[in-house]
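Each chain, written out:
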Amino acid sequence: MRSAIHLPVVERLRVVNYPLYPGSNKQGLDLIFDKGVTVVAGINGIGKTTLLNLLLRMLVGPTSPSKAATRDMGLVSKRTLVNSRKFGFFQDRAGVALQPSATATLTFRIAGKQVAITRRLKNLEITKVLVSGRTIDTTDNAAFLADMAQLAGLANAYDFHMVVRYVQFFTEERLPLLWSPTAQLELFKMLFVDEAIGQKLNKLYSEI
């Protein structure tokens, strides 16, 4: 059995120059997430789902699993993430062309380290990453995910993406985990099975 897994714990979200969240005096959105339960309530169209997706996408970026994996992750042999060249979720929601200054910064804690990542909302490009106050020289999303997977105690970027997206963020787009034994087995393998054994199982399944 693998060692403990550490999921990201969100501490703060800062959004500037994004039309959907102008904030008071157009200062943008600045949310502090204290310990305990946070409830986001509001009328339809106010931006609740966008906020949830923003928190998720700040962690995983514009990458997504294959279309087959979104149907049933347990039936996918090639465990890879695909970069969406036309990711436009936050651009489309804005209603106007977003400027490079439209950014969000997410601060979270993982495995005892504080991480702050800044992305452009137009395409989720990384502009800055701080780990425990030290600037990390990377704007590559794959490298960022690999680093986060290592901190989380997960085998690779794919496992980090899938666990965060479909376990930690159990959103409307969630996989039919409750109805798919193969998907449940895949997540069980990510979360609990020793990494070396898990890799052997992945290789064997791919060969089969």
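Heads up: the structure comes first, above all this text.
A short tour of the structure in this document, coming up. (Residues numbered from 1 in each chain as written. Predicted model: local features only at pLDDT ≥ 70, side-chain atom pairs only at ≥ 80, totals over all residues. Heavy atoms only, no water.)

Concerning the nonpolar core
Put simply, the test is: The set of buried Ala, Val, Leu, Ile, Met, Phe, Trp, Tyr and Cys residues whose side-chain atoms join them within 4.5 Å is what this entry labels a nonpolar core. With a 1.4 Å probe rolled over the protein chains alone, any residue whose accessible area is under 20% of its type maximum counts as buried; one over 50% counts as exposed, and the rest are partly exposed. Should any heavy atoms of two residues lie within 4.5 Å, those residues are counted as being in contact.
Among the nonpolar cores identified, the biggest contains 52 residues, and L13, V15, L54, L106, F108, F144 and F160 are the most heavily contacted of them. Those residues in contact with V15 that sit more than four places away from it in its chain are Y21, Q27, G28, L29, L54, T103, A104 and L121.

Focus on the side chain of D159
Which entries qualify depends on this criterion: Under the scheme used here, helices are H or I runs from DSSP no shorter than 4 residues and strands are E runs no shorter than 2 residues, and both carry numbers assigned from the N terminus. Here a polar contact is recorded for every N or O atom pair within 3.5 Å, except that within protein the pair must consist of a potential hydrogen donor and a potential acceptor, and residues adjacent in sequence are included only if both atoms are side-chain atoms.
Relative to the helices and strands, D159 resides in helix α5 (residues 157–168). A polar contact is formed between the side chain of D159 and the side chain of R79, at a distance of 2.5 Å. The residues touching D159, leaving out its near neighbours within four places in the chain, are R79, L154 and M190.

Brief notes about a nonpolar patch on the surface
What counts, and what does not: Two distance rules govern patches: like charges are joined within 9 Å, and nonpolar side chains (Val, Leu, Ile, Met, Phe, Trp, Tyr) within 5 Å, applied only to residues with over 30% relative accessible area and no salt bridge. Accessible areas in this description were obtained via Shrake-Rupley with a 1.4 Å probe; residue shielding takes into account the shown protein chains only. We define a salt bridge as a contact between a side-chain nitrogen of Lys or Arg and a carboxyl oxygen of Asp or Glu at a distance within 4 Å.
On the surface, F170, L178 and W179 cluster together into a nonpolar patch covering about 410 Å² of accessible area. Residue L178 is classed as exposed on the basis of its relative accessible area of 62%.

Looking at α5
Note the threshold: Residue count minus one, scaled by 1.5 Å, sets the expected span of a helix.
Helix length check: α5, at 12 residues, gives a terminal C-alpha distance of 15 Å against a target of 16 Å (1.5 Å per residue), a fit within 8%. Counting buried residues along α5, 10 of its 12 residues qualify, which places the element largely inside the surrounding structure. Of all the residues in α5, the buried ones are A157, Y158, D159, F160, H161, M162, V163, V164, R165 and Y166. For α5, the capping residue at the N-terminal end is N156, with a side-chain oxygen 3.2 Å from the backbone nitrogen of Y158.

Section: the side chain of T103
Topologically, T103 is positioned in strand β5 (residues 103–110). Aside from chain neighbours lying at most four places away, what touches T103 is R14, V15, V16, T118, R119, R120 and L121.

Focus: the pairing of β5
Our working rule: At least two bridges found by DSSP between two strands is the condition for calling them paired.
Among the eight residues in β5, six count as buried, and that is most of the element. Bridge analysis of strand β1 (residues 9–16) against β5 gives seven bridges, and the strand direction is antiparallel. Its bridge partner being in β5, V16 is matched across the sheet by T103. The hairpin turn running from β5 into strand β6 (residues 113–120), its antiparallel successor, is two residues long, and A111 in that turn takes a positive phi close to 55°.

A short note on the pattern of salt bridges
Evaluated as defined, the whole model comprises seven salt bridges. In this structure, E125 engages R120 in a salt bridge whose closest nitrogen and oxygen atoms are separated by 3.0 Å. The closest approach of N and O atoms between K203 and E207, which form a salt bridge, is 2.5 Å. Placement of both K203 and E207 in helix α7 (residues 195–207) is noted, with a separation of four residues, approximately one turn of the helix. As far as the burial class goes, K203 and E207 line up, both exposed.

Brief notes about the packing of aromatic side chains
To keep things clear, this is the line we draw: Here the aromatic set is Phe, Tyr and Trp, taking the six-membered ring for Trp, and pairing holds for ring centres within 6.5 Å; pairs whose planes are under 30 degrees apart are stacked, those over 60 apart are edge-to-face, and all others are tilted.
In total, this model carries three aromatic pairs according to the counting rule given. With centroids separated by 5.2 Å and ring planes inclined at 50°, the aromatic side chains of F188 and F192 adopt a geometry described as tilted. A residue pair is termed a helical-turn pair when its members lie 3 or 4 positions apart in one helix, as F188 and F192 do in helix α6 (residues 181–192) at four residues.

A short note on the sheet that holds strand β2 (residues 29–32)
Strand pairing within a sheet occurs via backbone hydrogen bonds; the two strands may be parallel or antiparallel. Read from one edge of the open sheet, six strands run β2-β1-β5-β6-β7-β8, paired in antiparallel fashion. With partners counted over all chains shown, the strands left at the sheet margins are β2 and β8 (134–135), one partner each.

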